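The chain contents come next:
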Amino acid sequence: MGIEEKLPSGVILGTVEQVVGLARKSSMWPATFGLACCAIEMMSVGGPHYDLARFGMEKFGATPRQADLMIVAGRVSQKMAPVLRQIYDQMPEPKWVIAMGVCASSGGMFNNYAVVQGVDHIVPVDIYLPGCPPRPEMLLDAVLKLHDKVQNTKLGAHRQREIEELEERALRRSLPLVSQDEGAAR
Amino acid sequence: MTTPTTEDYIDAAGGDWDEVVAAAQAGSAERLVVNMGPQHPSTHGVLRLILTLDGETVTEARVGIGYLHTGIEKNMEYRTWTQGTTFVTRMDYLTPIFNETAYCLAVEKLLGLTDRIPARADVIRVLMMELNRISSHFVAMATFGMELGATTVMTNGLREREMVLDIFELITGLRMNHAYIRPGGVAQDLPSGAVGKVKELLEEMPKRIAIMRKLLDENPLYLARTRDVAHLNLAGCMALGVTGPLLRASGLGWDLRKAKPYCGYEDYEFDVPVSDGGDVYARYRVRLAEVEQSLRIIEQCLDKLAPGPVMVDDPKVGWPAKLALGPDGLGNSPDHIAHIMGGSMEALIHHFKLVTEGFRVPAGQAYAAVESAKGELGCHAVSDGGTRPHRVHFRDPSFTHLQAVAAMCEGGTVADVIAAVASIDPVMGGVDR
Amino acid sequence: MSLGEPRRNGNGGGHEEENLPEVAGRERLAAPVQRTGMFGAKTSGDTSGYGGLRVRRTGPPAAERPYTDPGDPRTERFDAVADALEEALRDAPVGYRDAVERVVVDRGEITFHLRREHLAEVARRLRDDPALRFELCLGVTGVHYPEDTGRELHAVYLLRSITHNTEIRVETACPDADPHVPSLVAVYPTNDWHEREAWDFFGIVFDGHPSLTRIEMPDDWHGHPQRKDYPLGGIPVEYRGAKIPPPDERRSYA
């Protein structure tokens, strides 16, 4: 019928978006941002037992300029916040952020003067990973979910439209107190 | 970004390295100020080092901390005494059991319960602390290897640590941040299978230690990076308040487990490894020898484990410790539930008050210290007679030891700074609290 | 020991009895406490977190000689330390009675309350005198007692003698209006960071410290966060549409 039928073996057809997504997700280089307890679990993920190298991500970069994923692992203090933002700004686009653990996601149990109540006050977050600290398997799961997200990210005008759609959906949806059934039904 | 230069020094705070080099070549300044951290792979956590360099030589080393200040001590003043354990366990996150034990010993001292802690609880505490010492020392060696570029040491250290974490997970339900030791005893008894798992570790660990020894003891590269590096003598240790493996590597066999026994340490047979090298290598040797001694203690713990209660027999303090897992993931012993829900209204009220409001601690202050994997970990607790601490302060060994960085590094080379800091084994969660 | 009569000294043998639940309960009712909070709460009746419950009780009273209680091995060296300190201060410009305000023996620990102006002198003797030899200082921590008018801020030092295997606590106080305490960095260099921390968290100024700057908080921070008059500083947490205020601001159900 189409061009697919006439392809020699070993050739796959795809959209530019898919190819770019595949390339991005399979060569993700995390920047170490180990802060507290979660950093130790993040190190465990890099260790032999959990082995992040399976996803080509064992290169925890020292430099933010050669990294595209920031795993904020631990509580972010008021004193650390400007540093974190600076490192985020130094990372080249496209870049993604995982808020690892409840402290990075929302401040967690430390609702006080010293801790930033969620790293999303400073940088945009793609994946929130709960747990105190999350198990290494949970971080692996978060990484895989992020891979999924990266793979399916659109480009150019499509991306613009996607952003608008997502925003509209977020505005429409309210967070009910008891159940989310109502929100899901809409 | 422009590079600030003055007559004396060039400040390399960040930005483009070419600019720094150009400024250095253009100016007459000879000293370079380099800011390492707070986010740097070779510093332990969020530690900031400000080094003044004259060529390769460090002429001044200053340490900046506070990047992980969490306000834990203040937060605890708004929670009950029992809830405090959940906070302290997150201070030095590599030695959570020590934090909890120091805190609980201080609270028990305030309550006057020290002598009434059940024997089984004490044995479990010692068992957990020694397991924790093993895992902490292995992480110390692993991060040390990682920071010097010896990745094999890192992977080995982390693998060994996993063995201990598996046991922790079985006993406490969590890999880290356990909140397992509670004022009055421990949260719950050892689950079935725990002893067997510990026995497995006792069998396996000596082999792993042998591997570590083979890898590092006589390794010429390792020796070159650690021998006679970051020397700190005994007088320096005393003046700077340095304790733990660092002090013992400088020739003084001071160990609180022997000098001021707590949790029944006087009943265990073990040696205190001492070395008089005073350098990074001596600290490594002391740590590894301590791991071996910990195994000895754990073995004795298993012999001492006699059936009995694990929470103090005082209904005003004793947190319900006979926990059983219900279908909802939480629970209590069926007997206890039957008692409070069906048998006695007063018991229900008591249970409710104990859990929500907590117990009162007589006014006063107490200090309790344990020999943590890093040194003397002290807890100073002040009560005003209420159900919440008036103030809890932790004397964290890492905090005190980091002051020694200047003494260890000045006059050495830049590369040795990394070895010096790593040999202190600071954990920023404990430093900044 | 009856509950009405003042304690003979801080370690006066009644500890076990005193902490039995029923005795503790009786004592609680007898003691003049200011209690707000649960059941009749004025500020907050919330039991899920911080209830605003306040029980203010003074600490144990000053102890009198002998400090050593034969029944308590933890107190074994207390009299010897006090004697040695008295002896060490004999030829000093400041006498024992001037320097030491009071001595508290409680829970097997001895606390020397020193007048702040003599702190450095006494600390030097504590370190150097062969009979004392407190070589190791375990740092200083601030404690804020807003009710203790005129001596709101306390600086608490722990000293350990490795030679004699003894530990003592040294405490000194200063008023909020004049928060100055002499620095001990010259005697115990390890106190450098500990004093900076106490300044950072409590605003105690350690006179003579080589560089008393903030250590944990950012340099431009206002206030001293671990004082009792500094709020916890939490923010309301929104969870699925409902707002939960931070523990120190929860509403009252009373």
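Computed from a prediction, not measured in an experiment: that's the story for all the values here.

**Focus: the overall build of chain B**
Here's step 1: Scanning chain B for helices and strands turns up 18 helices and 9 strands.
Here's step 2: By the burial criterion, 65% of the 433 residues in chain B qualify as buried.
Here's step 3: Within chain B, contacts between residues separated by at least 24 positions form 67% of all contacts whose residues are at least 6 apart in sequence.
Here's step 4: For chain B, the computed accessible surface area is about 14,500 Å², with 54% contributed by carbon and sulfur atoms.

**A look at the packing of aromatic side chains**
Here's step 1: The full count for this structure, using the stated rule, is 10 aromatic pairs over all chains.
Here's step 2: Measuring from centroid to centroid gives 6.0 Å for Y113 of chain A and Y230 of chain C, while their planes differ by 75°, and the two rings are edge-to-face. Here Y113 of chain A, found in the loop between α4 (101–106) and β4 (127–129), pairs with Y230 of chain C, found in the loop between β9 (205–207) and β10 (237–239), and the two come from separate chains.
Here's step 3: You can call Y113 of chain A buried: its relative accessible area is 4%.
Here's step 4: Ring geometry for Y222 of chain B against Y284 of chain B: centres 5.2 Å apart, planes inclined by 75°, an arrangement best described as edge-to-face. With a gap of 62 residues between them, Y222 of chain B in helix α8 (residues 220–226) and Y284 of chain B in helix α12 (residues 280–304) connect regions that are remote in the sequence. In terms of burial, Y222 of chain B and Y284 of chain B fall into one category: buried.
Here's step 5: By the ring-pair criterion, three or more aromatic residues cluster together here, those being F144, Y222, Y281 and Y284 of chain B.
Here's step 6: It is R257 of chain B that lies over the ring of Y265 of chain B; its NZ or CZ is 5.9 Å from the centre.

**Concerning the packing of helix α5 (residues 119–148) of chain B against helix α17 (residues 414–424) of chain B**
All names here are of chain B.
Here's step 1: Relative to each other, α5 and α17 sit at 170°, their axes nearing to 9 Å. When the axes of α5 and α17 are compared, the pair comes out roughly antiparallel. Two secondary-structure elements touch here, α5 through F144, E147 and L148 and α17 through I418, A419, A422 and S423.
Here's step 2: Residues of the contact of α5 with α17, tallied by class, amount to 5 nonpolar, 1 polar and 1 charged.

**Focus: a negative patch on the surface**
Here's step 1: On the surface, E164, E165, E167 and E168 of chain A cluster together to form a negatively charged patch.
Here's step 2: Classification of E165 of chain A as partly exposed rests on a relative accessible area of 49%.

**Here's the deal with the environment of S136 of chain B**
Residue and element names in this part refer to chain B.
Here's step 1: Within the element layout of this structure, S136 appears in helix α5.
Here's step 2: Here S136 falls in the buried class, since its relative accessible area comes to 1%.
Here's step 3: Residues S136 and K374, spaced 238 residues apart in sequence, show a C-alpha to C-alpha distance of 8.5 Å.
Here's step 4: Looking at S136, its side chain comes within polar contact range of the side chain of K374, at 3.1 Å.

**Comments concerning the packing of helix α2 (residues 37–46) of chain A against helix α6 (residues 151–172) of chain B**
Relative orientation and spacing of two packed helices are given, respectively, by the angle between their axes and the distance between those axes.
Here's step 1: Direction vectors running N to C along α2 of chain A and α6 of chain B enclose 120°, while the axes themselves pass 10 Å from each other. At the point where α2 of chain A passes α6 of chain B, the crossing takes the left-handed sense. For the pair α2 of chain A and α6 of chain B, contact is made by I40, E41, M43 and S44 of chain A and by L158, R161, E162 and L165 of chain B, respectively.

**Here's the deal with the domain arrangement of chain B**
All names here are of chain B.
Here's step 1: Structurally, chain B comprises domain 1 (9–64), domain 2 (72–318 + 359–432) and domain 3 (319–358).
Here's step 2: Taken over C-alpha atoms, the centre of domain 2 sits 32 Å from the centre of domain 3.
Here's step 3: Carbon and sulfur atoms supply 52% of the area buried between domain 2 and domain 3, which totals about 990 Å² over both sides.
Here's step 4: On the surface where domain 2 and domain 3 come into contact, there are 0 salt bridges.
Here's step 5: Across the domain 2-domain 3 interface, the total number found is 0 residue pairs in polar contact (both at pLDDT 80 or more).
Here's step 6: Each residue belonging to the side of domain 2 that touches domain 3 can be placed in one class, and the counts come to 7 nonpolar, 5 polar and 3 charged.

**So, the sheet that holds strand β3 (residues 100–106) of chain C**
All names here are of chain C.
Here's step 1: Spatially, β3-β4-β7-β6-β5 is the arrangement adopted by the 5 strands of the open sheet, whose pairing is mixed. Every interior strand has two partners, whereas the edge strands, β3 and β5 (136–144), have only one. Here the average twist between neighbouring strands, direction ignored, is 20°.
Here's step 2: Packing against the sheet, helix α3 (residues 78–88) makes contact with β3, β4 (109–114) and β7 (166–174), and its axis sits at approximately 25° to β4.

**Quick notes on the pairing of β7 of chain C**
Side-chain direction in a regular strand flips from residue to residue, so the side chains alternate between the two faces of the sheet.
All names here are of chain C.
Here's step 1: Burial of β7 is extensive: 9 of the 9 residues sit out of reach of the surface.
Here's step 2: A two-sided burial pattern is seen for β7, the buried positions comprising T166, I168, V170, T172 and C174 on one face and E167, R169, E171 and A173 on the other.
Here's step 3: Relative to β7, β4 is paired through 4 bridges, and the arrangement is parallel. The residue of β7 that forms the bridge with L114 is T172.
Here's step 4: In terms of strand pairing, strand β6 (residues 153–161) meets β7 through 9 bridges, oriented antiparallel. Bridge pairing links L158 to R169 in β7.

About the thresholds
Residues numbered from 1 in each chain as written. Chains lettered and ligands numbered in written order. Predicted model: local features only at pLDDT ≥ 70, side-chain atom pairs only at ≥ 80, totals over all residues. Heavy atoms only, no water. Helix = DSSP H or I, 4+ residues; strand = E, 2+ residues; numbered from the N terminus. Buried < 20%, exposed > 50% of the residue type's maximum accessible area, 1.4 Å probe, protein only. Contact = heavy atoms within 4.5 Å. Areas by Shrake-Rupley, 256 points an atom, 1.4 Å probe, with all protein chains shown as cover. Phe/Tyr/Trp six-rings, centres within 6.5 Å; stacked < 30°, edge-to-face > 60°. Lys NZ or Arg CZ within 6 Å of the ring centre and 35° of its normal. Axes fitted to C-alpha atoms, helices over the stretch in contact; angles between N-to-C directions. Parallel < 35°, antiparallel > 145°, perpendicular 65-115°, else oblique. Nonpolar A, V, L, I, M, F, W, Y, C, P; charged D, E, K, R; others polar. Patch = residues over 30% accessible without salt bridge, like charges linked within 9 Å, V, L, I, M, F, W, Y side chains within 5 Å. Salt bridge = Lys/Arg side-chain N within 4 Å of Asp/Glu carboxyl O. Lys, Arg positive; Asp, Glu negative; His and termini not counted. Charge placed at Lys NZ, Arg CZ, Asp CG, Glu CD. Polar contact = N/O pair within 3.5 Å; in protein donor to acceptor, adjacent residues only side chain to side chain. Left-handed = near helix turned anticlockwise from the far one by under 90°. Domains from an automatic or database assignment. Buried area = accessible area lost by both parts, 1.4 Å probe. Pairing = 2+ DSSP bridges.

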